[in-house]
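In case you want the letters, here they are:
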Amino acid sequence: MKFAVIVFPGSNCDADMYHAIKDGLGEEVEYVFHTETSLDGFDAVLLPGGFSHGDYLRSGAIARFAPIMPAVIQAAEAGKPVLGVCNGFQVLLEAGLLPGAMKRNIDLKFVCRTVELVVENNETMFSSGYEQGQTIRIPVAHGEGNYECDDETLAKLRENKQIVFRYNEHVNGSKGDIAGITNERGNVLGMMPHPERATETLLGNDQGLAVFTSILRNWRESHVTAS
Ligand SMILES: NC(=O)CC[C@H](N)C(=O)O
């Protein structure tokens, strides 16, 4: 399986994402610069964390106009897995691939620590490696992670089981304690916590690895036929 890691000016978790795929998952991965226009040949797209374009205007608001974004949208429409982590989540919201918006954290402070999450839905291509209702610990590092949407959208997210990860503690003021959501179709996931920073016990935590093994397992089930 071949993954693309999109690199924007100001991305700072691109190398972590690359490492998670290459060394954690053992699959093919390439960096794709934001000025590129094609994602042909890639099976999945990863938008990493960071401060694309310095977080000016709003996090992700400039990156969403990058030349690569039509190809990201095309990949999403083709049903390929698209994962945005932290700033990647913000870009997906700005691009309209996911509903809602991100506000500054409720206390206006940057939060950087490991938090507890609940796996709200393990029947997605990003979370099938977890147990339903499992609690996991994953690091967060953001200033704009306060997820906001109207009540109708929240009800829809709940009804369609689009909420994949929920904070199990007070983190940033997110509506419904939302930490990660998918699109309706289930092939685009945005999450503020950083699973790519938690893929090996050597670094203290491997509870994020299942996000990536889930993607791979799902892809193999639909693409690899037994010989
Ligand atoms: N780690 C990150 O991706 C940081 C996200 C972001 N730009 C913020 O502080 O809100």
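Note that the structure is a prediction, hence the values are computed from the model and not measured. Residue positions are given per chain, counting from 1 as you read along its sequence in written order. Per-residue local features are limited, in this predicted model, to residues with pLDDT of at least 70; the limit for side-chain atom pairs, both in listing and counting, is 80 or more; totals at the level of whole chains, interfaces and linings are taken over all residues. Side-chain numbers come from the whole structure's heavy atoms, not from hydrogens or water.

Digging into the sheet that holds strand E4 (residues 82-85)
For sheets, the rule is that strands pair by backbone hydrogen bonds, running either parallel or antiparallel. Applied cut-off: Whether two strands pair comes down to DSSP finding at least two bridges between them. In this description a helix means any DSSP run of H or I spanning at least four residues, a strand means any run of E spanning at least two, and both kinds are numbered starting from the N terminus. Axis definition: a line fitted to C-alpha atoms, limited for helices to the stretch in contact. Angles are taken between N-to-C directions and run from 0 to 180 degrees. Residues are treated as being in contact if the distance between any of their heavy atoms lies within 4.5 Å.
Pairing is mixed in the open sheet, where nine strands are placed in the order E2-E1-E3-E4-E11-E10-E9-E6-E7. Both outer strands of the open sheet, strand E2 (28-33) and strand E7 (135-142), are each paired with one neighbouring strand and no more. For this sheet, the mean angle separating the axes of adjacent strands, direction not counted, is 25°. Inspection of the sheet shows strand E9 (residues 163-167) paired to strand E10 (residues 178-182) by three bridges, in the antiparallel sense. Directly across from Phe165, in E10, lies its bridge partner Gly180. Helix-sheet contacts for helix H2 (residues 69-77) involve strand E1 (2-7), strand E3 (44-47), E4 and strand E11 (188-191), and the interaxial angle to E3 is about 130°. Running over the sheet, helix H3 (residues 87-94) touches E3, E4, E10 and E11 and is turned about 120° from E4.

Details of the UniProt feature "active site" in the protein
Keep this limit in mind: UniProt positions are given in the numbering used here, feature names are shortened, and annotations may be inferred rather than shown by experiment. Only protein atoms enter the 1 Å grid used here, on which a cavity is any set of points holding a 1.4 Å probe that cannot leave and a pocket is any open set flanked by protein within 12 Å on both sides along at least five of seven lines; residues with an atom within 4 Å of a point are listed as lining. Exposed residues in this analysis have more than 50% of their type's maximum accessible area, buried residues have under 20%, and partly exposed residues fall in between, with area computed by a 1.4 Å probe over protein chains only. Any N or O atom pair separated by 3.5 Å or less is treated as a polar contact, with the protein-specific requirement of one donor-capable and one acceptor-capable atom, and with residues adjacent in sequence counted only for side-chain atom pairs.
UniProt records the feature "active site" at Cys86, His194 and Glu196, using the numbering of this structure. With the annotated positions falling across 111 residues, the maximum pairwise C-alpha distance of 10.9 Å places them together in a single cluster. Checked against the lining of the largest pocket, the annotated residues reduce to Cys86 and His194. Here His194 lies in the loop between E11 and helix H5 (209-223). Judged by relative accessible area, His194 falls into the buried class, the value being 1%. Take Glu196: it is sitting in the loop between E11 and H5. For Glu196, a relative accessible area of 3% puts it in the buried group. A distance of 2.7 Å separates polar atoms of two side chains, one belonging to Glu196 and the other to His194.

Considering the site of the ligand
Threshold: Throughout this document, a residue counts as near a molecule or strand when at least one of its heavy atoms sits within 4 Å of that molecule or strand. Cavity and pocket membership follows a simple rule, namely that a molecule belongs there if more than half of its atoms are within 2 Å of the grid points. Polar here means any residue other than Ala, Val, Leu, Ile, Met, Phe, Trp, Tyr, Cys and Pro, which are nonpolar, and Asp, Glu, Lys and Arg, which are charged; Gly is therefore polar.
Close to the ligand lie 14 residues, the nearest being Gly50, Asp55, Cys86, Gly143 and Glu144. A distance of 3.1 Å separates an oxygen atom of the ligand from a polar atom in the backbone of Asn87. In the environment of the ligand, an oxygen atom lies 2.8 Å from a nitrogen or oxygen atom belonging to the backbone of Glu144. The cavity where the ligand resides is the largest pocket. Elements supplying a minimum of two residues to the shell around the ligand: H3 and E7. Within the shell around the ligand, the residues separate by chemical class into four nonpolar, eight polar and two charged.

Considerations on the environment of Ile163
Of note, Ile163 is situated in strand E9. Accessibility expressed as a relative area gives 9% for Ile163, which makes it buried. Distance from Ile163 to Gly49, taken between C-alpha atoms, is 20 Å for residues 114 residues apart in sequence. Discounting residues that sit within four places of it in the chain, Ile163 has contacts with Glu120, Asn121, Leu154, Leu157, Arg158, Ile178, Gly180 and Ile181.

Things to note about the layout of surface pockets
The following threshold applies: Grid points are joined across faces, edges and corners, and a volume is the space filled by probe spheres set on the points.
Considering only enclosed or pocket space, the largest pocket measures out at about 180 Å³ in volume. Lining the largest pocket are 17 residues, and of these Phe51, Asp55, Phe110, His142 and Gly143 sit closest to its centre. Along the lines of polarity and charge, the residues of the lining of the largest pocket split into five nonpolar, eight polar and four charged.

Points about the nonpolar core
We apply this condition: For our purposes a nonpolar core is just a set of buried Ala, Val, Leu, Ile, Met, Phe, Trp, Tyr and Cys residues, chained together by side-chain atoms within 4.5 Å.
In terms of nonpolar packing, the biggest core is built from 71 residues, with Leu39, Leu47, Ile68, Val72, Leu83 and Phe165 touching the most fellow members. Of all the elements, H5 adds the most residues to this core, at six residues. If we skip the residues at most four places from it in the chain, Leu83 touches Val45, Leu46, Leu47, Leu92, Phe126, Leu189, Met191, Val211, Phe212 and Ile215.

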